[in-house]
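Residue-level structural notes
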Amino acid sequence: MKDVILSANFPRTIDHRVYHLGLRAGEVANRIVTVGSPSRAHGIAAYLDAVPRCFVLTSERGFTTITGRYKGVPVSIVSIGMGGPNADFFMREVRECLNGDMVVIRLGSCGALVDVPVGTVVVPEASLSVTRNYDFDFTTSMSDDVPYRVSKPVSTDPELHAAVKDALEKTRPEGIQFPILHQTLNASTDSFYSSQGRHTSFPDHNENLIPQLLATHPALATFEMETFHILHLATSWRTSAHPSGRVQPPLSALPVHPSISPSHIPSTQSEPPNVSVSGPDGHELQPRPKIRAAAA
Ligand code: R1P
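The following refers to the structure shown.

Here is what the cut-offs are and how they apply
- Numbering of residues starts from 1 in each chain and follows the order in which that chain's sequence is written.
- Confidence filtering applies because this is a predicted model: local features only for residues at pLDDT of at least 70, side-chain atom pairs given and counted only at 80 or more, and all residues used for totals across whole chains, interfaces and linings.
- The side-chain quantities take in all heavy atoms of the structure and omit both hydrogens and water.
- What counts as a helix is a DSSP run of H or I of at least four residues, what counts as a strand is a run of E of at least two, and both are numbered from the N terminus.
- The buried label applies to any residue whose accessible area, calculated with a 1.4 Å probe on protein chains only, is under 20% of its type's maximum; exposed applies above 50%, and partly exposed to all values in between.
- Should any heavy atoms of two residues lie within 4.5 Å, those residues are counted as being in contact.
- Surface accessibility follows the Shrake-Rupley procedure with a 1.4 Å probe radius. Residue values consider only the protein chains on display as shielding.
- Among buried residues, the Ala, Val, Leu, Ile, Met, Phe, Trp, Tyr and Cys ones that are joined through side-chain atoms within 4.5 Å form a nonpolar core.
- By this definition, two strands are paired if DSSP reports at least two bridges between them.
- For helices, the axis comes from a line fit to the C-alpha atoms of the stretch in contact; other axes are also lines fit to C-alpha atoms, and the angle between any two N-to-C directions lies between 0 and 180 degrees.
- Handedness of a crossing is defined here by the sense of rotation of the near helix relative to the far one, left-handed for an anticlockwise turn of less than a right angle and right-handed for a clockwise turn.
- Ten residues, namely Ala, Val, Leu, Ile, Met, Phe, Trp, Tyr, Cys and Pro, are considered nonpolar, four, namely Asp, Glu, Lys and Arg, are considered charged, and the remaining ones, Gly among them, are considered polar.

A few words on the overall build of the protein chain. Within the protein chain, the secondary structure is distributed over five helices and 16 strands. Scored against the burial criterion, the 296 residues of the protein chain give a buried share of 42%. Across the protein chain, every contact between residues at least 6 apart in sequence was considered, and the portion connecting residues at least 24 apart equals 71%. Surface accessibility of the protein chain: about 15,900 Å² in total, with carbon and sulfur atoms responsible for 57%.

Attention now goes to the nonpolar core. A general tendency of soluble globular proteins is for nonpolar side chains to be buried together. Core analysis: the largest hydrophobic core is formed by 26 residues, its most contacted members being Leu21, Leu23, Ile32, Phe90, Met91, Val94 and Met102. With five residues, helix α5 (residues 227–236) is the largest single contributor of residues to this core. Non-local contacts of methionine 102, meaning those with residues more than four positions away in its chain, are made with Asn30, Ile32, Met91, Val94, Arg95, Lys290, Ile291 and Arg292. Membership of the second largest hydrophobic core comes to 13 residues, among which are Phe136, Leu209, Leu213 and Leu220.

All right, on to the sheet that holds strand β2 (residues 55–58) then. Here six strands make up an open sheet; going across it, the order is β2-β3-β4-β1-β5-β16 and the pairing mixed. Edge positions in the sheet fall to β2 and β16 (291–295), since each has one partner strand and no second. The average undirected angle you get between the axes of adjacent strands in this sheet is 20°. As judged from the seven bridges shared by strand β3 (residues 64–70) and strand β4 (residues 73–79), these two strands associate in the antiparallel manner. Along β4, the bridge assignment pairs isoleucine 66 with isoleucine 77. Strands in contact with α5 are β1 (31–35), β5 (102–106) and β16; relative to β16, the strand with the most contacts, it is inclined by about 160°.

Bringing the environment of alanine 162 into the picture now. Along the polypeptide, alanine 162 turns up in helix α3 (residues 158–170). In this structure the C-alpha to C-alpha distance between alanine 162 and histidine 182, which are 20 residues apart in sequence, comes to 8.7 Å.

Let's shift gears to the packing of helix α2 (residues 84–95) against α5. Two numbers describe how α2 lies on α5: the axes approach to 9 Å, and their chain directions differ by 35°. Note that α2 runs across α5; the crossing there is right-handed. From α2, Gly84, Ala87, Asp88, Met91 and Arg92 reach across to α5, where they touch His229, Ile230, Leu233 and Ala234. For the contact of α2 with α5, a count of residues per class yields five nonpolar, two polar and two charged.

Note that the residue after valine 51, namely proline 52, is joined by a cis bond; omega there is -5°. The topology assignment puts proline 52 in the loop between α1 (38–45) and β2. Here the phi dihedral of serine 141 falls at roughly 60°; this positive angle occurs in a residue that is not glycine. You can see serine 141 is positioned in the loop between β8 (126–132) and β9 (148–150). Here histidine 205, not a glycine, exhibits a phi torsion of approximately 50°, which is positive. Take histidine 205: it is sitting in the loop between β12 (185–189) and α4 (209–216).

Below, the structure written as structure tokens:
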């Protein structure tokens, strides 16, 4: 990746790669499964079609993208590491490499706040965020403020949520009887430790956090660290016309990286093409694609 920044606002390399994931248009599909670790990404990629061979890229910053086809449909698996900031890099940078809808399913592990066997699969309906309140005085605890802030919940895409639940039920291995929980609430936290109620040598003032959360949110079943931010960005994102009123040239028209043989890059463009609409001045306006997200 050539280390040249073209714009401080949205940095890309001179060959149009987004700066942290290292991708450019054509290398990531509209349908994405995101996971936390590269080994999991490669494990899932084993189910992709053998032909064409998958595109695999691990960026300088440790994001791994594997793009291939599943039964002919382009899919990417993206390993993003942990936490909201990494989820933010993922969502924003991938969005800039795509046209049309972006469909994201986060597939990850979580802690359980309900008494279910290890291995139970949960497909939450919504997620809220629990974050450390830096204005609370953690040293003295002499503060009128609360040590942790809890957001309103944000919903998953209902159609995608139902599709993920149905697919998991249909493909459940024989002999595994655990229920798939799907009417629950998730909490994404900004720490694996303090804001998930774990006790370390730091004065985190989190002794009452879990009982308080369960009292105010009885459907809360899981703790993890990424889903809320993915859902928040998915529901808040909307495209608009380019300020000039003209449709921006699709990034997917850019040539592929010369060091990667094009025959090794599965086409990511099986989505229906965007339908152009005209503004009052006759210029074409961008339609409004969606970002749809769910988690399991
Ligand atoms: C913490 O150990 C990590 O595990 C969970 C949490 O969200 C956090 O990222 O997710 P993954 O299993 O996807 O890594």
